[in-house]
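# Architecture and fold: a report
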Protein chains: 2
Amino acid sequence: MRHARLPAPEEIVLEDVFHALSDPFRLQVVRRLAMEGEASCQALEGDRPKSSVSHHFRVLRAAGLIRTRNEGATHMNALRRDEIEERFPGLLSCVLSKRPE
Amino acid sequence: MRHARLPAPEEIVLEDVFHALSDPFRLQVVRRLAMEGEASCQALEGDRPKSSVSHHFRVLRAAGLIRTRNEGATHMNALRRDEIEERFPGLLSCVLSKRPE
DNA sequence: GCCAAAGTTCGAAAAATATCGAACTATCGA
DNA sequence: TCGATAGTTCGATATTTTTCGAACTTTGGC
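Keep in mind that what you see is a predicted model, and the values were worked out from it rather than measured.

### Remarks on the relation of the copies chain B and chain A
- Mapping chain B onto chain A is achieved by rotating through 180 degrees and translating by 0.0 Å along the same axis, at an RMSD of 0.0 Å. The transformation relating the two chain copies, once decomposed into turn and shift, fits a two-fold axis. For chain B, the smallest separation between a C-alpha atom and the rotation axis is recorded for Phe-18 of chain B, amounting to 2.4 Å.

### As for the environment of Leu-21 of chain A
- One can find Leu-21 of chain A in helix H1 (residues 14-21).
- Between the C-alpha atoms of Leu-21 of chain A and Leu-65 of chain A, which are 44 residues apart in sequence, the distance is 9.2 Å.
- Dropping the residues within four chain positions of it, Leu-21 of chain A is found in contact with Leu-27, Val-30, Leu-65 and Val-95 of chain A together with Glu-15 and Phe-18 of chain B.

### Some points on the packing of H1 of chain A against helix H4 (residues 50-63) of chain A
Residues and elements named next belong to chain A.
- As a packed pair, H1 and H4 sit with axes 9 Å apart at the nearest point and diverge in direction by 155 degrees. Comparing the axis directions of H1 and H4 gives the class roughly antiparallel. Here the hand of the crossing between H1 and H4 comes out left-handed. Residues Asp-16, Val-17, His-19 and Ala-20 of H1 touch H4, and the partners they reach there are Val-59, Leu-60 and Ala-63.

### What about the pattern of salt bridges?
All names here are of chain A.
- Tallied over the entire structure, the rule returns 10 salt bridges over all chains.
- Salt-bridge contacts for Arg-32 lead to Glu-36; the nearest nitrogen and oxygen are separated by 2.9 Å. With Arg-32 and Glu-36 both in helix H2 (residues 24-36), this residue pair falls four residues apart, about one helical turn.
- Connected via shared salt-bridge partners are Glu-38, Arg-69 and Glu-71.

### Some details on a negative patch on the surface
- Residues Glu-10, Asp-82, Glu-85 and Glu-86 of chain A make up a contiguous surface patch of negative charge.
- By the element assignment, Glu-85 of chain A lies in helix H5 (residues 81-87).

### Focus on the interface of chain B and chain A
- Each partner contributes residues to the interface: chain B has 20 residues there, and chain A has 19 residues.
- Taking both partners together, chain B and chain A bury about 1700 Å²; carbon and sulfur atoms supply 66% of that area.
- Joining chain B to chain A, the criterion identifies zero salt bridges.
- In this structure, the connection of chain B to chain A is made through zero residue pairs in polar contact (both at pLDDT 80 or more).
- Of all the secondary-structure elements, those providing two or more residues to the side of chain B that touches chain A are helix H1 (14-21), helix H2 (24-36) and helix H6 (91-96) of chain B.
- Looking at which element gives the most residues to the side of chain B that touches chain A, the answer is H1 of chain B, with five residues.

### Description of the protein's contact with DNA strand C
- Surveying the vicinity of DNA strand C reveals 25 residues, the closest of which are His-56 of chain A together with Gln-42, Lys-50, Ser-54 and Arg-58 of chain B.
- In the interface set of DNA strand C, defined as its atoms within 4 Å of the protein, sugar plus phosphate atoms amount to 67%.
- His-55 of chain A places a side-chain nitrogen or oxygen 3.0 Å from a phosphate oxygen of DNA strand C.
- Taking Gln-42 of chain B, its side chain carries an N or O atom lying 2.6 Å from a phosphate oxygen of DNA strand C.

### A word on the protein's contact with DNA strand D
- Not every one of the 24 residues close to DNA strand D is listed here, only the nearest: Gln-42, Lys-50, Ser-54 and Arg-58 of chain A together with His-56 of chain B.
- Between DNA strand D and the protein, one listed contact pairs a phosphate oxygen with a backbone N or O atom of Cys-41 of chain A at 3.0 Å.
- A distance of 2.6 Å separates a phosphate oxygen of DNA strand D from a polar atom in the side chain of Arg-58 of chain A.
- Secondary-structure elements contributing two or more residues to the surface near DNA strand D are helix H3 (41-44), H4 and strand E3 (74-79) of chain A together with helix H4 (50-63) of chain B.

### Points about the pairing of strand E2 (residues 66-71) of chain A
Residues and elements named next belong to chain A.
- Bridge count between E2 and E3: six bridges; the pairing is antiparallel. Each residue of the ladder has a partner; that of Arg-69, found in E3, is Met-76.
- The antiparallel hairpin formed by E2 and E3 contains two residues in its connecting segment, where Gly-72 sits at a positive phi of about 65 degrees.

Each value, and the rule that gives it
Residues numbered from 1 in each chain as written. Chains lettered and ligands numbered in written order. Predicted model: local features only at pLDDT ≥ 70, side-chain atom pairs only at ≥ 80, totals over all residues. Heavy atoms only, no water. Least-squares fit on C-alpha atoms with pLDDT ≥ 70 in both. Helix = DSSP H or I, 4+ residues; strand = E, 2+ residues; numbered from the N terminus. Contact = heavy atoms within 4.5 Å. Axes fitted to C-alpha atoms, helices over the stretch in contact; angles between N-to-C directions. Parallel < 35°, antiparallel > 145°, perpendicular 65-115°, else oblique. Left-handed = near helix turned anticlockwise from the far one by under 90°. Salt bridge = Lys/Arg side-chain N within 4 Å of Asp/Glu carboxyl O. Patch = residues over 30% accessible without salt bridge, like charges linked within 9 Å, V, L, I, M, F, W, Y side chains within 5 Å. Areas by Shrake-Rupley, 256 points an atom, 1.4 Å probe, with all protein chains shown as cover. Lys, Arg positive; Asp, Glu negative; His and termini not counted. Charge placed at Lys NZ, Arg CZ, Asp CG, Glu CD. Buried area = accessible area lost by both parts, 1.4 Å probe. Polar contact = N/O pair within 3.5 Å; in protein donor to acceptor, adjacent residues only side chain to side chain. Near = heavy atom within 4 Å. Pairing = 2+ DSSP bridges.

In structure tokens form, the structure reads like this:
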């Protein structure tokens, strides 16, 4: 079982990144990965069926936002901080910064 | 004929902004408005039927990205630069910056 | 008042996404 | 080897978006 190929930084498409981040669950996942460094899928699932969680992680992966490393049976996900920063400087800091509600 | 109410800066939702910008046509409109300052809908339409153009402008407006001013029969659109910058510092500069392809 | 221009709104149809259960794969431990 | 655990994949359905023509509104000019 192989993941979709990790897009190289220069292959990351801004529209795809925006689409990935337009979903509240996915945005939340990105924020938590930023806080926690690495996390398994289930650690971030919010009571959803796993097929749904898996779908959202796939979208994040395909957009180039996260990287997934298989550690035994669990998959550890991490934000591709440096690569995203390289490709779209300032985007992540804007996504991750706390804002007044 | 009245437009949907202009969301106040603090009402602008990041997910909605991302969704609005995830469409190539809308992203292009935002970039051109940034360059040209103000433009009518038809000046930015790319050979689409006007109902389609109108739809995309509505999405941009509802997300809080643009402001529309009626000047006679034509509607002049402008990017809400300062308000977006206030709400999500750095976002616009990241969207507007040229990147190597 | 009439007409054209610029958009909006409506409605229906097409396309893209999301959701979720079920079956499947891979890995670890007993 | 047998489970159990962690995810993925598949397929079907539901929801959301997009698209576009037709009808409508508003404004300006004649």
